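Listed below are the residues making up each chain.
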Amino acid sequence: MSTEVVLSDVPPTRPYRRGFPGVAFVKSTSGLQRVTLIVGLALMVAFVIAAVFAPLLAPYGFSQTSDAGQDFARQAAPSAQHWFGTSVRGEDVFSRVIYGARTALMVIASSLILSLIIGVPLGLASGYIGRWFDRVLVLFMDAMYAFPSLLLAVVISIVVAGGQSSSFGGIASAAIAITAIFVPQYFRVVRNATVAVKTEPYVDAARVTGAGTPRILFRHILANVVQTLPVIITLNGAEAILTLAGLGFLGFGIEPTSASEWGYDINKALPDISNGIWWTSVFPGLGIVLVVLGLTMVGESASETLNPLLRTRKKFKKAVKV
C-alpha cells in the first residue's frame, strides 16, 4: 500500500497573523459585559491620549493667566476662547483639566510600578520561605492594611514632601504615599497564591534538580500566581485617582504653578459654587469621575472574564439554555 502524499491534495496552510493586542480578550466577552469593557477601554484610551499629548491638546499652559499681553478674565463662563471657562486665578480650566490627566497618569504609573516591585517579591519570599519571616511580614502588612488608607497617604505625603509642593516633590510624595497603600494588597494576594502552589509537583521537581530559590520563585512560581494581578492593577488605578484627588482636596497636593491636579482645583473652586460659578468645579470633578469609571468598568469586566469560576458558570448557563 502506497503512503505517498500528493502535494496538490494538501490544503495550503494559512500564514500566521498576529492580531491586534486585546482583540481576543474583547472577543471572549459577550453582551453587556462586552459593552462595559469597550466603554471602559474607550475612556481609558481617551485619558491616556489626553495625558500624553497634553501640550498639543491644551490651548494654554496649566498656569497661564494671559495671552498676547492681555490677562484672562477671572471666573469667566465657558466661551469660544475658554471652552471650560476660567478659574478664580484666571487660568483656563480646560487646559488645567487636560494637564491634570498627565499628573494623574504619572502618579498612577509610578505608584503601581513601585507597588509591584516591592509587594510581589515580598509576597513570593514570604509565602515560599514561611516560618518567622512570613509571620513578621504578615503582621507588618496587616497593620498597614488596617490603617485608614487616606490618613496613611496624608502622613506619608507630609513626611516625603517635607512641606514642599514642587512638581517633582508633589508627584513623588503622592506616588510614594499611594504605594504604601497598595503594597500590602499585592503582598497578600501573591503570598496566599504562593502558599497554595509551593507544594505542587513542578516546584518539587525544580527543587530536586538543584534550582536555587530565586529561580524557583521568579521562573516557576511567579508565572502561576500573577493571573489575578492585571485585574487588581486596573482597580487600584481607580483607587489611586481617588486617593490623589483626596490628597489634593485636603491641601496636600501640588501647587497650581507647579502642576495641575484635579483634587486641588476642586478645593479652590468650593467658594465659587455658592456664587453660581459651576464650571470651575464640575469639569475637574468630571475628569475624576470618567477616569475612575473607565478603570472600574475595565477591571470588573476583566475580573468576570479571567475568573475561572465565573467562566464555568456562564458556560453552564448557556448549556442549560440550549
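Keep in mind it's a predicted model, so treat the numbers as computed, not measured.

Let us look at the nonpolar core. Formed by 61 residues in total, the largest nonpolar core has its most connected members in Leu124, Ile221, Val225, Ile241 and Trp262. In terms of residue count, the dominant contributor to this core is helix 4 (residues 93-129) (13 residues). Apart from the residues within four sequence positions on either side, isoleucine 241 is in contact with Ala104, Ile108, Ile288, Val291, Val292 and Leu295.

Counting across every chain of the model gives six salt bridges. A salt bridge links arginine 89 to aspartate 265; the nearest nitrogen and oxygen atoms lie 3.8 Å apart. One end of the pair, arginine 89, is in the loop between strand 2 (70-71) and helix 4; the other, aspartate 265, is in helix 11 (residues 262-273), and 176 residues separate them in sequence. Residues arginine 191 and aspartate 134 are paired through a salt bridge, measuring 2.7 Å at the closest nitrogen-oxygen approach.

Within the secondary structure, threonine 234 sits in helix 10 (residues 229-249). Those residues in contact with threonine 234 that lie beyond four places of it in its chain are Leu295, Val298 and Gly299.

Once that is clear, we can look at the packing of helix 4 against helix 9 (residues 213-225). Close contact between helix 4 and helix 9 brings their axes to 11 Å; oriented N to C, the two are set at 105 degrees. Looking at the two axes, helix 4 sits roughly perpendicular to helix 9. Contacts between helix 4 and helix 9 involve Val120, Pro121, Leu124, Ala125 and Tyr128 on the former and, on the latter, Thr213, Ile216, Leu217, Phe218, Ile221, Leu222 and Val225. When its residues are assigned to classes, the contact of helix 4 with helix 9 shows 11 nonpolar, one polar and no charged.

A separate point is helix 2 (residues 31-52). For the α-helix, the turn length of 3.6 residues means that residues three or four positions removed from each other point alike. Relative to the 32 Å expected for 22 residues at 1.5 Å per residue, helix 2 spans 32 Å between its end C-alpha atoms, a close match to the ideal helical length. Of all the positions in helix 2, only Gln33, Leu37, Gly40, Phe47, Ala50 and Ala51 are classed as buried. When helix 2 is viewed along its axis, its buried side chains cluster within an angular range of 160 degrees and face the same direction.

So, about the packing of helix 4 against helix 10. As a packed pair, helix 4 and helix 10 sit with axes 10 Å apart at the nearest point and diverge in direction by 130 degrees. Looking at the two axes, helix 4 sits oblique to helix 10. Viewed along their axes, helix 4 and helix 10 form a crossing whose handedness is right-handed. Packed against helix 4, whose contacting residues are Ala104, Val107, Ile108, Ser111, Leu112, Leu116 and Val120, the element helix 10 presents Leu229, Ile233, Asn236, Gly237, Ala240, Ile241 and Leu244 at the interface. Looking at the contact of helix 4 with helix 10 residue by residue, the class counts come to 11 nonpolar, three polar and no charged.

Under the definition given, this model contains eight aromatic pairs. Ring centres 5.4 Å apart and planes at 65 degrees place the aromatic pair phenylalanine 62 and tyrosine 99 in the edge-to-face group. Here tyrosine 99 lies in helix 4 and phenylalanine 62 lies in the loop between helix 3 (54-57) and strand 1 (66-67), a separation of 37 residues in the sequence. Its relative accessible area of 15% is what places tyrosine 99 among the buried residues. Taken together, the ring pairs in this structure connect Trp83, Phe84, Phe94, Trp278, Trp279 and Phe283 into an aromatic cluster.

Attention now goes to the UniProt feature "transmembrane region" (unreviewed entry) in the protein. Residues annotated in UniProt with the feature "transmembrane region" (unreviewed entry) correspond here to residues 35-58, 104-124, 136-161, 167-187, 229-254 and 277-298. Structurally, residues 35-58 is divided into 92% helix and 0% strand, and its ends, taken at the C-alpha atoms, are 30 Å apart. The distance separating the terminal C-alpha atoms of residues 277-298 is 34 Å; by composition the span is 91% helix and 0% strand.

Okay, unusual backbone geometry next. Even without being glycine, glutamine 75 reaches a positive phi, approximately 55 degrees. Following the sequence through the fold, glutamine 75 ends up in the loop between strand 2 and helix 4. Residue classification places glutamine 75 among the partly exposed positions, given a relative accessible area of 26%. Although it is not a glycine, arginine 131 adopts a positive phi angle of roughly 55 degrees.

We now examine a nonpolar patch on the surface. Taken together, the side chains of Ile113, Leu114, Ile117, Ile118, Phe147, Leu151, Val155, Val159, Val160 and Ile176 make up a nonpolar region of the molecular surface, amounting to roughly 850 Å² of accessible area. With respect to the helices, strands and loops of the structure, valine 160 is situated in helix 6 (residues 149-161).

Parameters at a glance
- Residues numbered from 1 in each chain as written.
- Predicted model: local features only at pLDDT ≥ 70, side-chain atom pairs only at ≥ 80, totals over all residues.
- Heavy atoms only, no water.
- Core = buried A, V, L, I, M, F, W, Y, C linked by side-chain atoms within 4.5 Å.
- Buried < 20%, exposed > 50% of the residue type's maximum accessible area, 1.4 Å probe, protein only.
- Helix = DSSP H or I, 4+ residues; strand = E, 2+ residues; numbered from the N terminus.
- Contact = heavy atoms within 4.5 Å.
- Salt bridge = Lys/Arg side-chain N within 4 Å of Asp/Glu carboxyl O.
- Axes fitted to C-alpha atoms, helices over the stretch in contact; angles between N-to-C directions.
- Parallel < 35°, antiparallel > 145°, perpendicular 65-115°, else oblique.
- Nonpolar A, V, L, I, M, F, W, Y, C, P; charged D, E, K, R; others polar.
- Expected span 1.5 Å × (residues − 1).
- Arc of directions from axis to C-beta.
- Left-handed = near helix turned anticlockwise from the far one by under 90°.
- Phe/Tyr/Trp six-rings, centres within 6.5 Å; stacked < 30°, edge-to-face > 60°.
- UniProt positions renumbered as here; feature names shortened; annotations may be inferred.
- Patch = residues over 30% accessible without salt bridge, like charges linked within 9 Å, V, L, I, M, F, W, Y side chains within 5 Å.
- Areas by Shrake-Rupley, 256 points an atom, 1.4 Å probe, with all protein chains shown as cover.

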